[in-house]
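Topology and contacts: notes
Next come the chains, spelled out residue by residue.
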Amino acid sequence: MGPPRRRRPPLLLLVMAGIAQAALAAAAAAARGRPAVAFGPGAAALGLGRRQGPERAASWARTAGGWSALAPAPASEGGRRGYWEVVPSPGLGAAAGTGAAGAGAEAEAGRGEAIPLDDVGDASMASSSILAIDPASVGIVPVSPDDPGAEAEAGTPPTEASAGPASRGDEGAAAEAPPAEIPAFVKMFRGSASYISNHRGTTAVYHIPGDLLDRPGFSDLIDDVALSWLLGMKLVVVCGSRRQIDDRIASEGGGDPIRRSSIRVTDAATLRIVKEEAGYVRFEVERELSRALRMVKRGRTGEPQGGDPFVGNVVSGNFYSAQPFGVIDGEDYMYTGFPRKIEVGKIRQVHSANDIVLLTTLGASPSGEMFNCNSENLAATVAGSLEASKIVYFTVSATAFLNRRTGKTIQHLRVTDARNLLRHYRVKIHPKGFASVDDSGMNDSAGDTGSEGGPEDDAALAAHNSPAVIETLLKAGWAVSALDRGVKRAHILAPTDGSLLQELYTRDGSGTLISRDLYEGIRPADAADVGGISD
């Protein structure tokens, strides 16, 4: 057998060797005198690459004319060692002008002038890069070409239309021209300024059902959540996993899940499924949130800059303890529980670090047992304990409250009106997490249409008994429960694209707002209302 074949060193080692060689040469030059760098005509070193070879110590540099070699300048040209210059690289990039013809042209142009290193900065490097703009091709023109005064100020020669007497006689007409229309984005952004200011620094709890994870617009929803965080809101995200658990039980042949008053009876086998599916939902939401938060602020290298206040993380853990339901009405709920205590101090500590808190439906008891909690009840409890400014419930189906007499969508409900609505539909919310909708209440509501019976009544009854309607009523019940715990406002939103931003940062919103205070009404004006009145 012949001698073993010599392996070429990896490209990364060659690059590091070139960088180290350049650093040592610059240090040696600095010890002798003032270090300098010299560039060939029209070239700029944007990075180091491979060495040229053993016959001449050099590194490749990306230049405006292609690839060139960065090599030590002879002592006769620089006067002392430690000077560098860019010389043409033969055989590289003939299309870029650095082949045989390019090398000859470069040789005729000279070897380049030595420039001190202190005079070479980012601006000079950028000015000679391949992305630079020729200053001779840059002109200054008025933003409004129809304004003769703007043309004169910009130094543009007046045209025949603007220089003639007729145009001078039309100065009065030009002055009376209507102002330019403000772009829609500018109007929207100015209108959102007060909402951005009001929401900055406030705490909000978002409840996201597990049904939304597999929908195409889920990433956009998470992007909107991250944007509200960027605008200064302190967020707690509570994610449910009801659909994932139901699908898992059905796929394993477990039959229909056992529920009492919309609460799952969790046995030992079901608890194992709950742990797995809740963990899956948690990591999916955490993955999307991490992506969205990293997209908010990036440095030049593509990574979040350290120490930046707008770089956040997603934190999940035991931020609440749970306790079991026990036996209610002769039914043992086993591992089904409800929140016992919310660790408010720990959540606020996470918020002080500008991070987002993520909670699942699994809570641990002081004895170490795990309990499956209702996610809507958990969100209401957390929001009340934190004295949150808002709680937002996203629905699975796009539904809204409609005034049958006026035919208009109801966008705002006072908490008293919401309680009357729940009482009319016979919706009951238990403090421990029970929620139920009486079928008789749904039937009575369907009979309020004013018809005398028949297929139309049957269709109305079927529509009122649909899962979408029942879900919306239950979300309204949990919203009222959160308001009773001290939350100021509750929002019920359909999972449409941009609904969260429209609800938070526009006047009309996109969903249904339930508030304890007077959102819109008549009151005496004060000094703070002068600006709005004048507008």
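What comes next is a walk through the structure. For clarity, every value in this text was computed on a predicted model and none was experimentally measured.

For the chain, the count of helices and strands is 20 helices and 26 strands. When each of the 535 residues of the chain is scored for burial, the buried share is 37%. When contacts within the chain are restricted to residue pairs at least 6 apart in sequence, long-range pairs at least 24 apart make up 66% of them. As displayed, the chain offers around 30100 Å² of accessible surface, 55% of which is attributable to carbon and sulfur atoms.

Examined bridge by bridge, strand β15 (residues 336-342) and strand β18 (residues 370-373) share 2 bridges and lie parallel to one another. Pairing of threonine 336 across the sheet is with asparagine 372, part of β18. Pairing analysis gives 3 bridges linking strand β17 (residues 362-364) to β18, with the strands arranged antiparallel. The residue of β18 that forms the bridge with glycine 363 is phenylalanine 371. Hairpin remark: β17 followed by β18, antiparallel, with 5 residues in the connecting loop; positive phi at glycine 368, about 100°.

Looking at the element boundaries, asparagine 372 is found in strand β18. A distance of 3.5 Å separates polar atoms of two side chains, one belonging to asparagine 372 and the other to threonine 266. Those residues within four positions of asparagine 372 in sequence are excluded, and the remaining contacts are Arg264, Thr266, Val274, Tyr335, Thr336, Gly337 and Thr361.

Right, let's get into the packing of helix α15 (residues 415-424) against helix α18 (residues 467-484). The relative placement of two packed helices is expressed as an angle between their axes plus a distance between the axes. One way to put it is that α15 packs onto α18 with a least axis distance of 10 Å and a crossing angle of 135°. Put simply, α15 runs oblique to α18. Crossing angle aside, the handedness with which α15 passes α18 is left-handed. Residues Val415, Ala418, Arg419 and Leu422 of α15 touch α18, and the partners they reach there are Leu473, Ala476, Gly477, Val480, Leu483 and Asp484.

Below, the discussion takes up the pattern of salt bridges. This structure, assessed with the given rule, holds 18 salt bridges. The partner of arginine 287 in a salt bridge is glutamate 288, and the shortest N-O contact between them spans 3.5 Å. A residue is classified by how much of its surface remains accessible, and arginine 287, at 45% relative accessible area, is partly exposed. Salt bridges here are not isolated pairs; linked through shared partners, they connect Asp223, Glu284, Arg287, Glu288 and Arg291.

A word on the pairing of strand β8 (residues 234-239). With 5 of 6 residues buried, β8 lies mostly within the body of the structure. Pairing of strand β7 (residues 203-208) with β8 involves 6 bridges; the strand directions are parallel. Bridge pairing in β8 links valine 205 to valine 236. As a crossover connection, the stretch from β7 through helix α10 (residues 218-230) into β8 is right-handed.

The description of two aromatic rings rests on the distance between their centres and on the angle between their planes. A full pass over the atoms with the stated rule returns 5 aromatic pairs. With centroids separated by 6.5 Å and ring planes inclined at 75°, the aromatic side chains of tyrosine 206 and phenylalanine 394 adopt a geometry described as edge-to-face. Placement of the pair is tyrosine 206 in strand β7 and phenylalanine 394 in strand β19 (residues 390-394), with a sequence separation of 188 residues. The same class applies to tyrosine 206 and to phenylalanine 394, which are both buried. Both rings, one in phenylalanine 325 and one in phenylalanine 338, keep their centres 5.5 Å apart while their planes meet at 20°; by these two values the pair is stacked. With phenylalanine 325 in the loop between β12 (320-324) and β13 (327-328) and phenylalanine 338 in strand β15, the pair connects residues that are 13 residues apart, well separated along the chain. Phenylalanine 338 carries the same exposure label as phenylalanine 325, and that label is buried. Of the aromatic side chains, those joined through ring pairs into one cluster are Phe325, Tyr333 and Phe338.

Calculation rules
- Residues numbered from 1 in each chain as written.
- Predicted model: local features only at pLDDT ≥ 70, side-chain atom pairs only at ≥ 80, totals over all residues.
- Heavy atoms only, no water.
- Helix = DSSP H or I, 4+ residues; strand = E, 2+ residues; numbered from the N terminus.
- Buried < 20%, exposed > 50% of the residue type's maximum accessible area, 1.4 Å probe, protein only.
- Contact = heavy atoms within 4.5 Å.
- Areas by Shrake-Rupley, 256 points an atom, 1.4 Å probe, with all protein chains shown as cover.
- Pairing = 2+ DSSP bridges.
- Polar contact = N/O pair within 3.5 Å; in protein donor to acceptor, adjacent residues only side chain to side chain.
- Axes fitted to C-alpha atoms, helices over the stretch in contact; angles between N-to-C directions.
- Parallel < 35°, antiparallel > 145°, perpendicular 65-115°, else oblique.
- Left-handed = near helix turned anticlockwise from the far one by under 90°.
- Salt bridge = Lys/Arg side-chain N within 4 Å of Asp/Glu carboxyl O.
- Right-handed = clockwise from strand over helix to strand, strands pointing away.
- Phe/Tyr/Trp six-rings, centres within 6.5 Å; stacked < 30°, edge-to-face > 60°.

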